[in-house]
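Chain by chain, the residues:
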Amino acid sequence: MRYFWLSLKAIFIKDIVTELRAKQVLPTMIVLGMLIVWVLRMASEAVLQSEAVIGPVALWIAFLFAGLLAQERSFATEQQQDCIYALLLAPVDEGTIYLAKLFVNIVLLSIFEIIIVPVVIVAFKLNINNWPALIGVLLLGNIAISSVGTLFSAIVQLSRARGALLSILVLVILMPMMIPATFALLLVFGAIPPEMIGTGALAFVGTLGSAVGYMITFDAVFVVACWLLFGFAIKE
Amino acid sequence: MRKILLFITLVLLLASTWMALTKGRIEGPSANPDSPVRNIIYAHVPSSICSLVCFTVLLVTAIGYLATGNESWDHVAAATAEVGIIFATVLNATGMIFSRAEWGPWWTASPRLISSAILWFLYVVYLILRSSLPGSKQRRARVCAVFAIIAFLDVPMVYISARYMKEIHQPSFTFDNPWQRGAFFMGMVSTMFLAAMLIWIKTDILKIKSRLEAE
(Lines give C-alpha, C1' and ligand atoms only; values in the text may rest on other atoms or scores of the structure.)
Protein backbone atom coordinates (compact mmCIF):
# COMPACT_ATOMS: atom_id res chain seq x y z
CA MET A 1 0.00 0.00 0.00
CA ARG A 2 2.82 2.37 0.87
CA TYR A 3 4.47 1.56 -2.46
CA PHE A 4 1.22 2.41 -4.23
CA TRP A 5 1.11 5.85 -2.63
CA LEU A 6 4.79 6.48 -3.32
CA SER A 7 4.49 5.64 -7.01
CA LEU A 8 1.23 7.57 -7.32
CA LYS A 9 2.90 10.60 -5.78
CA ALA A 10 5.98 10.28 -7.99
CA ILE A 11 4.02 10.24 -11.27
CA PHE A 12 1.63 12.95 -10.05
CA ILE A 13 4.44 15.31 -9.03
CA LYS A 14 6.38 14.61 -12.25
CA ASP A 15 3.39 15.66 -14.37
CA ILE A 16 2.43 18.68 -12.28
CA VAL A 17 6.02 19.96 -12.21
CA THR A 18 6.42 19.53 -15.98
CA GLU A 19 3.18 21.39 -16.56
CA LEU A 20 4.04 24.21 -14.17
CA ARG A 21 7.51 24.62 -15.69
CA ALA A 22 6.59 24.31 -19.36
CA LYS A 23 3.10 25.86 -19.07
CA GLN A 24 2.09 23.83 -22.08
CA VAL A 25 -1.64 23.61 -21.68
CA LEU A 26 -2.99 25.64 -18.76
CA PRO A 27 -2.76 29.07 -20.46
CA THR A 28 -4.39 27.66 -23.62
CA MET A 29 -7.16 26.09 -21.55
CA ILE A 30 -7.90 29.34 -19.75
CA VAL A 31 -7.93 31.44 -22.91
CA LEU A 32 -10.12 28.88 -24.72
CA GLY A 33 -12.51 28.80 -21.76
CA MET A 34 -12.77 32.59 -21.66
CA LEU A 35 -13.36 32.75 -25.41
CA ILE A 36 -16.13 30.14 -25.19
CA VAL A 37 -17.75 32.06 -22.34
CA TRP A 38 -17.54 35.36 -24.21
CA VAL A 39 -18.79 33.94 -27.50
CA LEU A 40 -21.85 32.56 -25.70
CA ARG A 41 -22.22 35.84 -23.80
CA MET A 42 -22.35 37.70 -27.11
CA ALA A 43 -24.85 35.16 -28.47
CA SER A 44 -27.05 35.54 -25.39
CA GLU A 45 -27.37 39.25 -26.17
CA ALA A 46 -29.81 38.26 -28.89
CA VAL A 47 -32.42 37.35 -26.29
CA LEU A 48 -33.07 39.65 -23.37
CA GLN A 49 -32.88 38.18 -19.83
CA SER A 50 -31.37 34.89 -21.06
CA GLU A 51 -28.12 35.16 -19.06
CA ALA A 52 -29.22 33.01 -16.14
CA VAL A 53 -30.03 30.09 -18.45
CA ILE A 54 -27.12 30.38 -20.88
CA GLY A 55 -24.50 30.98 -18.14
CA PRO A 56 -24.48 27.42 -16.72
CA VAL A 57 -24.54 26.00 -20.24
CA ALA A 58 -21.51 28.13 -21.16
CA LEU A 59 -19.75 26.89 -18.04
CA TRP A 60 -20.20 23.22 -18.98
CA ILE A 61 -19.17 23.77 -22.59
CA ALA A 62 -16.03 25.58 -21.43
CA PHE A 63 -15.22 22.72 -19.01
CA LEU A 64 -15.73 20.03 -21.61
CA PHE A 65 -13.46 21.60 -24.20
CA ALA A 66 -10.79 22.80 -21.78
CA GLY A 67 -10.83 19.33 -20.23
CA LEU A 68 -10.20 17.81 -23.66
CA LEU A 69 -7.09 19.98 -24.04
CA ALA A 70 -5.74 18.84 -20.66
CA GLN A 71 -6.45 15.17 -21.35
CA GLU A 72 -4.95 15.19 -24.81
CA ARG A 73 -1.72 16.43 -23.29
CA SER A 74 -1.58 13.82 -20.53
CA PHE A 75 -0.23 11.07 -22.80
CA ALA A 76 1.00 13.20 -25.72
CA THR A 77 3.93 14.35 -23.57
CA GLU A 78 4.82 10.73 -22.84
CA GLN A 79 5.10 10.06 -26.56
CA GLN A 80 8.02 12.46 -26.93
CA GLN A 81 11.28 10.50 -26.88
CA ASP A 82 9.25 7.38 -26.07
CA CYS A 83 8.88 8.23 -22.38
CA ILE A 84 5.83 5.98 -22.32
CA TYR A 85 8.04 2.87 -22.52
CA ALA A 86 10.01 3.99 -19.49
CA LEU A 87 6.75 4.60 -17.64
CA LEU A 88 5.45 1.15 -18.56
CA LEU A 89 8.76 -0.54 -17.72
CA ALA A 90 8.76 0.99 -14.25
CA PRO A 91 7.63 -1.52 -11.61
CA VAL A 92 4.30 0.25 -11.18
CA ASP A 93 0.80 -1.13 -11.65
CA GLU A 94 -0.97 0.33 -14.72
CA GLY A 95 -3.92 1.29 -12.53
CA THR A 96 -1.59 3.51 -10.50
CA ILE A 97 -0.47 5.31 -13.65
CA TYR A 98 -4.13 5.88 -14.50
CA LEU A 99 -4.96 7.27 -11.06
CA ALA A 100 -1.92 9.57 -11.07
CA LYS A 101 -2.79 10.93 -14.53
CA LEU A 102 -6.43 11.28 -13.42
CA PHE A 103 -5.42 13.37 -10.39
CA VAL A 104 -3.22 15.57 -12.59
CA ASN A 105 -6.14 16.21 -14.94
CA ILE A 106 -8.49 16.89 -12.02
CA VAL A 107 -6.02 19.41 -10.56
CA LEU A 108 -5.51 21.16 -13.92
CA LEU A 109 -9.26 21.37 -14.50
CA SER A 110 -9.80 22.63 -10.93
CA ILE A 111 -7.28 25.45 -11.48
CA PHE A 112 -9.16 26.24 -14.67
CA GLU A 113 -12.48 26.22 -12.79
CA ILE A 114 -11.17 28.58 -10.11
CA ILE A 115 -10.34 31.10 -12.82
CA ILE A 116 -13.29 30.61 -15.17
CA VAL A 117 -16.17 30.46 -12.66
CA PRO A 118 -15.75 34.10 -11.53
CA VAL A 119 -15.52 35.12 -15.20
CA VAL A 120 -18.84 33.38 -15.91
CA ILE A 121 -20.44 34.86 -12.80
CA VAL A 122 -19.39 38.36 -13.82
CA ALA A 123 -20.16 37.97 -17.51
CA PHE A 124 -23.61 36.46 -17.03
CA LYS A 125 -24.54 38.46 -13.91
CA LEU A 126 -25.28 35.29 -11.94
CA ASN A 127 -26.23 35.05 -8.28
CA ILE A 128 -25.14 32.07 -6.24
CA ASN A 129 -27.43 31.01 -3.46
CA ASN A 130 -25.61 27.82 -2.52
CA TRP A 131 -21.78 27.89 -2.54
CA PRO A 132 -21.15 24.34 -1.21
CA ALA A 133 -23.52 22.92 -3.84
CA LEU A 134 -21.74 24.87 -6.59
CA ILE A 135 -18.33 23.54 -5.55
CA GLY A 136 -19.70 20.00 -5.20
CA VAL A 137 -21.40 19.96 -8.61
CA LEU A 138 -18.33 21.42 -10.33
CA LEU A 139 -16.05 18.88 -8.65
CA LEU A 140 -18.30 15.97 -9.62
CA GLY A 141 -18.41 17.18 -13.23
CA ASN A 142 -14.65 17.62 -13.15
CA ILE A 143 -14.11 14.02 -11.99
CA ALA A 144 -16.49 12.68 -14.66
CA ILE A 145 -14.83 14.61 -17.50
CA SER A 146 -11.33 13.65 -16.33
CA SER A 147 -12.03 9.97 -15.65
CA VAL A 148 -13.30 9.18 -19.14
CA GLY A 149 -10.84 11.56 -20.80
CA THR A 150 -7.76 10.09 -19.15
CA LEU A 151 -8.59 6.57 -20.33
CA PHE A 152 -9.37 7.67 -23.89
CA SER A 153 -6.27 9.83 -24.00
CA ALA A 154 -4.24 6.63 -23.60
CA ILE A 155 -6.31 4.99 -26.34
CA VAL A 156 -5.75 7.70 -28.97
CA GLN A 157 -2.11 8.45 -28.16
CA LEU A 158 -0.75 6.79 -31.34
CA SER A 159 -3.39 8.21 -33.65
CA ARG A 160 -2.59 11.09 -35.98
CA ALA A 161 -5.92 12.88 -35.53
CA ARG A 162 -5.54 12.55 -31.77
CA GLY A 163 -7.56 15.55 -30.65
CA ALA A 164 -10.48 14.92 -33.01
CA LEU A 165 -10.78 11.27 -32.02
CA LEU A 166 -10.47 12.05 -28.31
CA SER A 167 -13.20 14.67 -28.50
CA ILE A 168 -15.79 12.37 -30.10
CA LEU A 169 -14.98 9.52 -27.70
CA VAL A 170 -15.25 11.68 -24.59
CA LEU A 171 -18.30 13.69 -25.67
CA VAL A 172 -20.37 10.64 -26.62
CA ILE A 173 -19.82 9.02 -23.22
CA LEU A 174 -20.42 12.24 -21.28
CA MET A 175 -23.64 13.07 -23.13
CA PRO A 176 -26.07 11.58 -20.56
CA MET A 177 -24.37 13.39 -17.68
CA MET A 178 -25.02 16.79 -19.23
CA ILE A 179 -28.76 16.66 -18.45
CA PRO A 180 -28.50 16.44 -14.63
CA ALA A 181 -25.27 18.49 -14.55
CA THR A 182 -26.83 21.46 -16.33
CA PHE A 183 -30.01 21.12 -14.28
CA ALA A 184 -27.97 21.18 -11.04
CA LEU A 185 -26.09 24.33 -12.09
CA LEU A 186 -29.34 26.03 -13.11
CA LEU A 187 -30.66 25.35 -9.60
CA VAL A 188 -27.47 26.58 -7.94
CA PHE A 189 -27.58 29.82 -9.92
CA GLY A 190 -31.27 30.25 -9.10
CA ALA A 191 -32.31 30.22 -12.76
CA ILE A 192 -35.29 28.00 -11.92
CA PRO A 193 -37.99 29.31 -9.56
CA PRO A 194 -38.22 27.00 -6.49
CA GLU A 195 -41.91 26.25 -7.03
CA MET A 196 -41.16 24.70 -10.42
CA ILE A 197 -38.60 22.18 -9.13
CA GLY A 198 -39.75 18.57 -9.24
CA THR A 199 -42.87 19.40 -11.25
CA GLY A 200 -43.80 18.58 -14.81
CA ALA A 201 -43.12 22.18 -15.85
CA LEU A 202 -39.48 21.31 -16.53
CA ALA A 203 -38.08 18.62 -18.77
CA PHE A 204 -36.03 17.35 -15.84
CA VAL A 205 -38.45 16.42 -13.08
CA GLY A 206 -35.93 15.68 -10.29
CA THR A 207 -34.46 17.85 -7.53
CA LEU A 208 -30.90 19.04 -6.83
CA GLY A 209 -30.39 15.95 -4.66
CA SER A 210 -31.33 13.55 -7.44
CA ALA A 211 -29.10 15.34 -9.95
CA VAL A 212 -26.13 15.23 -7.56
CA GLY A 213 -26.86 11.58 -6.76
CA TYR A 214 -26.81 10.78 -10.46
CA MET A 215 -23.45 12.54 -10.90
CA ILE A 216 -21.96 10.63 -7.94
CA THR A 217 -23.11 7.32 -9.49
CA PHE A 218 -21.72 8.34 -12.88
CA ASP A 219 -18.34 9.23 -11.36
CA ALA A 220 -18.14 6.04 -9.32
CA VAL A 221 -19.03 3.79 -12.27
CA PHE A 222 -16.61 5.37 -14.72
CA VAL A 223 -13.65 5.91 -12.38
CA VAL A 224 -13.73 2.24 -11.35
CA ALA A 225 -14.34 0.94 -14.90
CA CYS A 226 -11.62 3.12 -16.46
CA TRP A 227 -9.18 2.19 -13.70
CA LEU A 228 -9.78 -1.52 -14.30
CA LEU A 229 -9.63 -1.26 -18.12
CA PHE A 230 -6.65 1.08 -18.32
CA GLY A 231 -4.13 -1.78 -18.44
CA PHE A 232 -5.65 -3.04 -21.70
CA ALA A 233 -5.72 0.42 -23.25
CA ILE A 234 -2.12 1.41 -22.58
CA LYS A 235 -0.30 -1.76 -23.66
CA GLU A 236 1.34 -1.82 -27.08
CA MET B 1 -26.55 -24.90 -44.51
CA ARG B 2 -26.22 -21.15 -44.80
CA LYS B 3 -28.22 -21.07 -48.02
CA ILE B 4 -31.10 -22.85 -46.28
CA LEU B 5 -31.01 -20.39 -43.39
CA LEU B 6 -30.88 -17.45 -45.79
CA PHE B 7 -33.92 -18.84 -47.57
CA ILE B 8 -35.77 -19.23 -44.25
CA THR B 9 -34.90 -15.62 -43.35
CA LEU B 10 -36.24 -14.39 -46.65
CA VAL B 11 -39.48 -16.35 -46.23
CA LEU B 12 -39.91 -15.06 -42.68
CA LEU B 13 -39.33 -11.47 -43.78
CA LEU B 14 -41.87 -11.76 -46.60
CA ALA B 15 -44.40 -13.47 -44.32
CA SER B 16 -44.08 -10.86 -41.59
CA THR B 17 -44.40 -8.02 -44.09
CA TRP B 18 -47.50 -9.62 -45.59
CA MET B 19 -49.07 -10.17 -42.16
CA ALA B 20 -48.31 -6.63 -41.06
CA LEU B 21 -49.81 -5.11 -44.17
CA THR B 22 -52.95 -7.25 -44.44
CA LYS B 23 -54.54 -9.07 -41.50
CA GLY B 24 -52.39 -7.42 -38.83
CA ARG B 25 -53.07 -3.84 -39.90
CA ILE B 26 -53.59 -1.60 -36.91
CA GLU B 27 -56.59 0.69 -37.06
CA GLY B 28 -57.52 2.67 -34.05
CA PRO B 29 -57.24 5.88 -32.11
CA SER B 30 -54.72 8.14 -33.70
CA ALA B 31 -54.25 11.84 -34.39
CA ASN B 32 -55.17 11.05 -37.96
CA PRO B 33 -57.47 7.97 -38.22
CA ASP B 34 -56.73 7.37 -41.89
CA SER B 35 -52.99 7.41 -41.38
CA PRO B 36 -51.33 3.98 -41.63
CA VAL B 37 -48.37 5.24 -39.59
CA ARG B 38 -49.16 3.10 -36.55
CA ASN B 39 -48.14 0.02 -38.50
CA ILE B 40 -44.59 1.24 -38.25
CA ILE B 41 -44.54 -0.55 -34.89
CA TYR B 42 -43.86 -3.81 -36.78
CA ALA B 43 -40.50 -2.42 -37.92
CA HIS B 44 -39.79 -0.08 -35.02
CA VAL B 45 -40.00 -2.35 -31.98
CA PRO B 46 -38.13 -5.35 -33.47
CA SER B 47 -35.28 -3.13 -34.64
CA SER B 48 -35.10 -1.45 -31.25
CA ILE B 49 -34.79 -4.81 -29.50
CA CYS B 50 -32.37 -6.01 -32.15
CA SER B 51 -30.06 -3.01 -31.76
CA LEU B 52 -29.98 -3.56 -27.99
CA VAL B 53 -29.26 -7.27 -28.47
CA CYS B 54 -26.41 -6.37 -30.84
CA PHE B 55 -25.03 -4.02 -28.20
CA THR B 56 -25.10 -6.82 -25.63
CA VAL B 57 -23.38 -9.18 -28.08
CA LEU B 58 -20.76 -6.47 -28.58
CA LEU B 59 -20.13 -6.43 -24.82
CA VAL B 60 -19.83 -10.23 -24.72
CA THR B 61 -17.35 -10.26 -27.61
CA ALA B 62 -15.36 -7.43 -26.02
CA ILE B 63 -15.05 -9.34 -22.75
CA GLY B 64 -14.30 -12.51 -24.74
CA TYR B 65 -11.49 -10.79 -26.62
CA LEU B 66 -9.94 -9.22 -23.52
CA ALA B 67 -10.11 -12.54 -21.67
CA THR B 68 -8.77 -14.82 -24.41
CA GLY B 69 -7.02 -12.64 -27.00
CA ASN B 70 -8.58 -14.76 -29.73
CA GLU B 71 -8.98 -12.81 -32.97
CA SER B 72 -12.34 -14.43 -33.83
CA TRP B 73 -13.99 -12.46 -31.03
CA ASP B 74 -12.81 -9.26 -32.67
CA HIS B 75 -14.26 -10.27 -36.03
CA VAL B 76 -17.65 -10.96 -34.44
CA ALA B 77 -17.43 -7.61 -32.61
CA ALA B 78 -16.78 -5.67 -35.81
CA ALA B 79 -19.60 -7.48 -37.63
CA THR B 80 -22.03 -6.96 -34.73
CA ALA B 81 -21.31 -3.24 -34.56
CA GLU B 82 -21.94 -2.84 -38.28
CA VAL B 83 -25.21 -4.74 -38.10
CA GLY B 84 -26.19 -2.95 -34.89
CA ILE B 85 -25.84 0.46 -36.50
CA ILE B 86 -28.20 -0.61 -39.31
CA PHE B 87 -30.91 -1.52 -36.81
CA ALA B 88 -30.24 1.56 -34.68
CA THR B 89 -30.66 3.69 -37.81
CA VAL B 90 -33.94 1.93 -38.69
CA LEU B 91 -35.08 2.39 -35.08
CA ASN B 92 -34.42 6.13 -35.12
CA ALA B 93 -35.72 6.68 -38.64
CA THR B 94 -39.03 4.86 -38.05
CA GLY B 95 -39.37 6.56 -34.68
CA MET B 96 -38.89 9.97 -36.26
CA ILE B 97 -41.46 9.27 -38.97
CA PHE B 98 -43.98 8.16 -36.33
CA SER B 99 -43.21 11.15 -34.11
CA ARG B 100 -43.72 13.58 -36.99
CA ALA B 101 -47.02 11.99 -37.99
CA GLU B 102 -48.50 11.53 -34.51
CA TRP B 103 -47.02 14.22 -32.26
CA GLY B 104 -45.78 16.89 -34.69
CA PRO B 105 -42.04 17.32 -34.06
CA TRP B 106 -39.45 15.13 -35.76
CA TRP B 107 -37.56 14.74 -32.54
CA THR B 108 -38.02 15.92 -28.98
CA ALA B 109 -36.29 15.35 -25.66
CA SER B 110 -37.96 12.33 -24.08
CA PRO B 111 -36.33 9.39 -22.25
CA ARG B 112 -36.59 6.74 -24.94
CA LEU B 113 -35.85 9.16 -27.77
CA ILE B 114 -32.70 10.39 -26.04
CA SER B 115 -31.65 6.83 -25.25
CA SER B 116 -31.99 5.61 -28.81
CA ALA B 117 -30.22 8.67 -30.21
CA ILE B 118 -27.27 8.12 -27.86
CA LEU B 119 -27.25 4.40 -28.72
CA TRP B 120 -26.86 5.35 -32.37
CA PHE B 121 -24.04 7.78 -31.54
CA LEU B 122 -22.22 5.11 -29.52
CA TYR B 123 -22.29 2.72 -32.48
CA VAL B 124 -21.06 5.42 -34.87
CA VAL B 125 -18.19 6.42 -32.59
CA TYR B 126 -17.24 2.76 -32.11
CA LEU B 127 -16.98 2.28 -35.87
CA ILE B 128 -15.03 5.53 -36.34
CA LEU B 129 -12.62 4.44 -33.60
CA ARG B 130 -12.24 1.08 -35.32
CA SER B 131 -11.36 2.58 -38.67
CA SER B 132 -9.02 5.32 -37.45
CA LEU B 133 -6.66 3.56 -35.05
CA PRO B 134 -3.10 2.99 -36.21
CA GLY B 135 -0.82 0.34 -34.77
CA SER B 136 -1.05 -3.41 -34.64
CA LYS B 137 -4.24 -5.40 -35.16
CA GLN B 138 -4.08 -6.68 -31.59
CA ARG B 139 -3.89 -3.18 -30.17
CA ARG B 140 -6.84 -2.03 -32.25
CA ALA B 141 -8.93 -4.99 -31.16
CA ARG B 142 -8.04 -4.45 -27.51
CA VAL B 143 -8.75 -0.73 -27.59
CA CYS B 144 -12.08 -1.25 -29.36
CA ALA B 145 -13.04 -3.85 -26.75
CA VAL B 146 -12.24 -1.33 -23.99
CA PHE B 147 -14.43 1.28 -25.68
CA ALA B 148 -17.24 -1.24 -26.18
CA ILE B 149 -17.30 -2.01 -22.45
CA ILE B 150 -17.28 1.68 -21.48
CA ALA B 151 -20.01 2.36 -24.05
CA PHE B 152 -22.11 -0.49 -22.65
CA LEU B 153 -21.79 1.01 -19.16
CA ASP B 154 -23.02 4.28 -20.64
CA VAL B 155 -26.35 2.74 -21.71
CA PRO B 156 -27.81 2.29 -18.17
CA MET B 157 -26.49 5.77 -17.32
CA VAL B 158 -28.46 7.13 -20.27
CA TYR B 159 -31.59 5.35 -19.09
CA ILE B 160 -31.22 6.66 -15.53
CA SER B 161 -30.53 10.22 -16.63
CA ALA B 162 -33.43 10.13 -19.06
CA ARG B 163 -35.76 8.70 -16.39
CA TYR B 164 -35.91 12.17 -14.87
CA MET B 165 -37.40 13.59 -18.04
CA LYS B 166 -40.97 13.94 -19.19
CA GLU B 167 -42.12 10.94 -21.19
CA ILE B 168 -44.09 11.44 -24.40
CA HIS B 169 -43.36 8.01 -25.85
CA GLN B 170 -46.18 5.47 -26.32
CA PRO B 171 -46.70 3.34 -23.24
CA SER B 172 -46.42 -0.38 -23.93
CA PHE B 173 -48.71 -1.23 -26.79
CA THR B 174 -51.48 -3.81 -26.62
CA PHE B 175 -52.72 -5.61 -29.68
CA ASP B 176 -56.42 -6.22 -30.36
CA ASN B 177 -56.40 -9.52 -32.20
CA PRO B 178 -54.24 -12.65 -32.65
CA TRP B 179 -53.32 -11.62 -36.21
CA GLN B 180 -51.64 -8.50 -34.91
CA ARG B 181 -49.85 -10.44 -32.20
CA GLY B 182 -48.78 -12.97 -34.82
CA ALA B 183 -47.52 -10.29 -37.17
CA PHE B 184 -45.55 -8.71 -34.34
CA PHE B 185 -44.07 -12.06 -33.33
CA MET B 186 -43.13 -12.81 -36.95
CA GLY B 187 -41.55 -9.36 -37.20
CA MET B 188 -39.42 -10.09 -34.13
CA VAL B 189 -38.35 -13.53 -35.34
CA SER B 190 -37.54 -12.42 -38.87
CA THR B 191 -35.54 -9.40 -37.68
CA MET B 192 -33.52 -11.57 -35.31
CA PHE B 193 -32.86 -14.06 -38.10
CA LEU B 194 -31.82 -11.25 -40.43
CA ALA B 195 -29.44 -9.79 -37.82
CA ALA B 196 -27.91 -13.18 -37.07
CA MET B 197 -27.40 -13.96 -40.75
CA LEU B 198 -25.84 -10.55 -41.45
CA ILE B 199 -23.46 -10.92 -38.51
CA TRP B 200 -22.53 -14.43 -39.61
CA ILE B 201 -21.78 -13.38 -43.21
CA LYS B 202 -19.88 -10.25 -42.18
CA THR B 203 -17.80 -12.21 -39.67
CA ASP B 204 -16.79 -14.66 -42.40
CA ILE B 205 -15.84 -11.80 -44.72
CA LEU B 206 -13.66 -10.29 -41.99
CA LYS B 207 -12.04 -13.66 -41.28
CA ILE B 208 -11.16 -14.17 -44.94
CA LYS B 209 -9.88 -10.60 -45.18
CA SER B 210 -7.60 -11.03 -42.20
CA ARG B 211 -6.33 -14.38 -43.57
CA LEU B 212 -5.53 -12.70 -46.91
CA GLU B 213 -3.71 -9.88 -45.16
CA ALA B 214 -1.66 -12.38 -43.18
CA GLU B 215 -0.53 -14.24 -46.29
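Residues numbered from 1 in each chain as written. Chains lettered and ligands numbered in written order. Predicted model: local features only at pLDDT ≥ 70, side-chain atom pairs only at ≥ 80, totals over all residues. Heavy atoms only, no water.

A. Geometry of the overall build of chain B. A count of helices and strands for chain B gives six helices and zero strands. Going from N to C terminus, chain B has its helices and strands arranged as α-α-α-α-α-α. Across the 215 residues of chain B, 47% fall into the buried class. Put simply, 80% of the contacts in chain B that link residues at least 6 apart link residues at least 24 apart. Split by element, the accessible area of chain B, about 10700 Å² in all, is 70% carbon and sulfur. (Helix = DSSP H or I, 4+ residues; strand = E, 2+ residues; numbered from the N terminus. Buried < 20%, exposed > 50% of the residue type's maximum accessible area, 1.4 Å probe, protein only. Contact = heavy atoms within 4.5 Å. Areas by Shrake-Rupley, 256 points an atom, 1.4 Å probe, with all protein chains shown as cover.)

B. Broad picture of the overall build of chain A. Scanning chain A from terminus to terminus reveals nine helices and zero strands. Ordered by position in the sequence, the α and β elements of chain A form the string α-α-α-α-α-α-α-α-α. Relative to its length of 236 residues, chain A is compact, with a C-alpha radius of gyration of 19 Å against a globular reference of 18 Å. Principal-axis analysis of the C-alpha atoms places the extent of chain A at approximately 60 × 30 × 30 Å. Put simply, 83% of the contacts in chain A that link residues at least 6 apart link residues at least 24 apart. For chain A, the accessible area works out to roughly 10100 Å², and carbon and sulfur atoms hold 72% of it. In chain A, the 12 positive side-chain charges and the 13 negative ones have mean positions that sit 8 Å from each other. (Rg over C-alpha atoms; globule rule 2.2 N^0.38 Å. Lys, Arg positive; Asp, Glu negative; His and termini not counted. Charge placed at Lys NZ, Arg CZ, Asp CG, Glu CD.)

C. Looking closely at the interface of chain B and chain A. At the interface, 28 residues of chain B touch 35 residues of chain A. One can count four residue pairs in polar contact (both at pLDDT 80 or more) joining chain B with chain A. Those elements that provide at least two residues to the side of chain B that touches chain A are helix H4 (111–132) and helix H5 (137–163) of chain B. Counting residues per element, the side of chain B that touches chain A draws most heavily on H5(B), which supplies 14 residues. (Polar contact = N/O pair within 3.5 Å; in protein donor to acceptor, adjacent residues only side chain to side chain.)

D. Structural context of the environment of Trp200(B). Residues and elements named next belong to chain B. Among the structural elements, Trp200 can be located in helix H6 (residues 178–214). Sequence spacing of Trp200 and Val45 is 155 residues, and the spatial spacing of their C-alpha atoms is 23 Å. Contacts of Trp200, omitting those with residues within four sequence positions, involve Arg2 and Leu5.

E. Representation of empty space enclosed by the protein in the model. Residues and elements named next belong to chain B. Throughout the structure, instances matching the rule amount to one cavity of 30 Å³ or more. Reported here for the largest cavity is a volume of approximately 40 Å³. Contributing to the lining of the largest cavity are Leu58, Thr61, Ala62, Tyr65, Asp74, Ala77, Tyr126, Arg130, Ala141, Cys144, Ala145 and Ala148. Going through the elements one at a time, helix H2 (41–68), helix H3 (71–102), H4 and H5 are the ones with two or more residues in the lining of the largest cavity. The class makeup of the residues in the lining of the largest cavity is nine nonpolar, one polar and two charged. (1 Å grid on protein atoms, 1.4 Å probe; cavity = no way out; pocket = protein on both sides within 12 Å on 5 of 7 lines; lining within 4 Å. Points joined across faces, edges and corners; volume = space filled by probe spheres on them. Nonpolar A, V, L, I, M, F, W, Y, C, P; charged D, E, K, R; others polar.)

F. Geometry of the nonpolar core. Counting residues in hydrophobic clusters, the biggest one holds 127 residues, and the most contacted among them are Phe152(A), Ile173(A) and Phe147(B). By residue number, the principal contributor to this core is helix H5 (residues 94–123) of chain A, which donates 16 residues. Discounting chain neighbours no more than four positions away, the residues touching Phe152(A) are Leu166(A), Leu169(A), Val170(A), Ile173(A), Phe147(B) and Ile150(B). Grouped together as the second largest cluster of nonpolar side chains are eleven residues, Ala20(B), Tyr42(B), Phe175(B) and Phe184(B) included. (Core = buried A, V, L, I, M, F, W, Y, C linked by side-chain atoms within 4.5 Å.)

G. Summary view of the side chain of Glu113(A). Residue and element names in this part refer to chain A. Locating Glu113 in the fold gives a position in helix H5. Although Glu113 is buried, it makes no salt bridge; Arg73 carries the closest opposite charge, 16 Å away. Discounting chain neighbours no more than four positions away, the residues touching Glu113 are Phe63, Pro118, Leu138 and Asn142. (Salt bridge = Lys/Arg side-chain N within 4 Å of Asp/Glu carboxyl O.)

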